[in-house]
Amino acid sequence: MRQYRTLPGTIFDICNYLFLSLFALAAVLPFIYVFAGSFASDAELTKRAFFLIPEKFTAAAYRYIFSTDTIVRSIGVSVYVTTVGTLINLFFTVTMAYALSKRELAGRNFVLNLVVFSMLFGGGMIPTYLVVRELQLLDTYWALMLPGAISAFNLIIVKNFFQELPAELEDAAKIDGCSDLGLLRRIVLPLSMPVLATFTLFYAVGHWNNYYSALLYINEPSKWPLQVILRQIVMLSQMAAGDLSAMDPNFEQPPDQSIKMAVIVVGTVPILLVYPFLQKHFAKGVLLGSVKG
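Predicted model, so just to flag it, every value in this text is computed and none were measured.

Trainee: Just give me the short version of the overall build of the chain, but keep the residues and values in it.
Mentor: Within the chain one finds 15 helices and 0 strands. Expressed as a percentage of its 293 residues, the buried residues of the chain come to 37%. In the chain, of all internal contacts separated by at least 6 residues, the share reaching a separation of at least 24 is 71%.

Structure below.
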């Protein structure tokens, strides 16, 4: 049966599309400008206040960035910390959430209260630093991954998701002789792809953008992740020249604007490339599969 739109409904749809299009442009245009500026010369950046296509393309900024191994090494550090850190986050979050989703678990309410308490009260920067130091994690990549291994908020969301899974599936698997770990691996995880994909992206973005932990716990410049280098170049450009020169004698004084924009692009594009592989799970329902009939 064919449906006909009313005039007010059509007007609303047009206004809604226009508003969303303007909102999307406001979000995308700054990044397009930064991307275009990374291929422009410093003279053009000084002359033109805003542009989306440079008059003359030049890859000098990117050649400069990759002329030494400083940026490449920091990218490798960020990729390693993001990958391993996200796997650690997912492992501890999923296993703890699955255990707490069982109402028959002894001491469950006490542990849940501790989790909620950690959301409201934290030890602070200095006690956390002392714990990391006493565990001899300073100047190691573990200091960037272990202190935030579990997010209390994410843990509660995943726990609630596991509680909503049909109990009949677990009962049927147990009748077939499936163990608790086998039940988690073969039944629960395949049904949890939407929530796992979502929190995988959240954890990965958090690790990728994290620079404060590296400033606190990493003293050796060769172990700095990309975001620390980006911060040095973009926010502390004058001081950064000396810091980067100390890290690498071949690192010369950077250009003014194009090098900053190129580093921003290099720091942003990798995490953007991950999103399309996870985005499809966001559009799906909270629950994949259920008992039919």
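Next comes the rest of the write-up.
Trainee: Explain the confidence of the model for the chain to me, and be specific about the residues and the numbers.
Mentor: Counting all residues, the mean pLDDT for the chain is 79, and 85% of those residues have values of 70 or more. Element-level mean pLDDT values for the chain span from 49 in helix H14 (residues 237-247) up to 91 in helix H7 (residues 142-145). Every residue in residues 238-242 is under pLDDT 50, and counting partners more than four places away or in other chains gives 4 contacts. Here residues 285-293 is a poorly scored stretch, pLDDT under 50, and it has 15 contacts once near neighbours within four places are set aside; other chains count.

Trainee: Would you mind going over the pattern of salt bridges in detail, with residue names and values included?
Mentor: A complete count under the given rule lists 3 salt bridges for this structure. Among the salt bridges present, the one from Glu134 reaches Arg133, with a minimum N-O distance of 3.5 Å. Exposure remark for Glu134: the relative accessible area of 58% places this residue in the exposed category. Between Glu220 and Lys223 there is a salt bridge, with its nearest N and O atoms 3.9 Å apart.

Trainee: Which residues make up helix H8 (residues 152-163), and what are the values?
Mentor: Helix length check: H8, at 12 residues, gives a terminal C-alpha distance of 17 Å against a target of 16 Å (1.5 Å per residue), a fit within 8%. On its buried face, H8 sits against helix H4 (69-100), helix H5 (108-120), helix H10 (180-191) and helix H11 (193-209).

Trainee: Give me the nonpolar core: which residues, what numbers.
Mentor: Formed by 35 residues in total, the largest nonpolar core has its most connected members in Ile65 and Ile71. When contributions to this core are tallied by element, the ones reaching two or more residues are helix H1 (7-37), helix H3 (60-65), H4, H7, H11, helix H13 (226-234) and helix H15 (258-282). Element by element, the count of residues in this core is highest for H15, at 7 residues. Counting only domains with at least three residues in this core, you end up with domain 1 (1-57) and domain 2 (69-239 + 255-288). Counting residues in hydrophobic clusters, the runner-up holds 23 residues, among them Leu100, Phe162, Leu184 and Phe199.

Trainee: Can you tell me about the UniProt feature "transmembrane region" (unreviewed entry) in the chain, naming the residues and giving the values?
Mentor: Look at the UniProt record and you will see "transmembrane region" (unreviewed entry) annotated at residues 12-36, 77-98, 110-130, 142-162, 183-205 and 259-278. In the segment residues 110-130, helix accounts for 81% and strand for 0%; the C-alpha atoms at its two ends are 27 Å apart. Span residues 142-162 is 71% helix and 0% strand, its end C-alpha atoms 29 Å apart.

Trainee: Before we move on, can you summarise the packing of H10 against H11 with the specific residues and values?
Mentor: Between H10 and H11, the least distance of the axes is 5 Å, while the angle of their chain directions is 70 degrees. When the interaxial angle is binned, H10 and H11 end up roughly perpendicular. Across the interface between the two elements, Leu189, Pro190 and Leu191 from H10 touch Met193, Pro194 and Leu196 from H11.

Trainee: Give a description of a nonpolar patch on the surface that names residues and reports values.
Mentor: Together, Val116, Phe117, Met119, Leu120, Phe121, Phe153 and Ile157 give the surface a local cluster of nonpolar side chains, amounting to about 710 Å² of exposed area. Elements with a contribution of two residues or more to the nonpolar patch: H5 and H8. Per-element tally for the nonpolar patch: the top contributor is H5, with 4 residues. Positionally, Leu120 belongs in helix H5. Exposure remark for Leu120: the relative accessible area of 62% places this residue in the exposed category.

Trainee: Got a sec to walk through the packing of H8 against H11? Specific residues and values, please.
Mentor: Look at H8 against H11: their axes get within 11 Å of each other, and the N-to-C directions meet at 170 degrees. In terms of orientation, H8 lies roughly antiparallel with respect to H11. Along its contact with H8, which presents Asn154, Ile157, Val158 and Phe161, the element H11 presents Val195, Phe199 and Tyr203. The class makeup of the residues in the contact of H8 with H11 is 6 nonpolar, 1 polar and no charged.

What counts, and at which threshold
- Residues numbered from 1 in each chain as written.
- Predicted model: local features only at pLDDT ≥ 70, side-chain atom pairs only at ≥ 80, totals over all residues.
- Heavy atoms only, no water.
- Helix = DSSP H or I, 4+ residues; strand = E, 2+ residues; numbered from the N terminus.
- Buried < 20%, exposed > 50% of the residue type's maximum accessible area, 1.4 Å probe, protein only.
- Contact = heavy atoms within 4.5 Å.
- pLDDT = per-residue confidence, 0-100.
- Salt bridge = Lys/Arg side-chain N within 4 Å of Asp/Glu carboxyl O.
- Expected span 1.5 Å × (residues − 1).
- Core = buried A, V, L, I, M, F, W, Y, C linked by side-chain atoms within 4.5 Å.
- Domains from an automatic or database assignment.
- UniProt positions renumbered as here; feature names shortened; annotations may be inferred.
- Axes fitted to C-alpha atoms, helices over the stretch in contact; angles between N-to-C directions.
- Parallel < 35°, antiparallel > 145°, perpendicular 65-115°, else oblique.
- Patch = residues over 30% accessible without salt bridge, like charges linked within 9 Å, V, L, I, M, F, W, Y side chains within 5 Å.
- Areas by Shrake-Rupley, 256 points an atom, 1.4 Å probe, with all protein chains shown as cover.
- Nonpolar A, V, L, I, M, F, W, Y, C, P; charged D, E, K, R; others polar.

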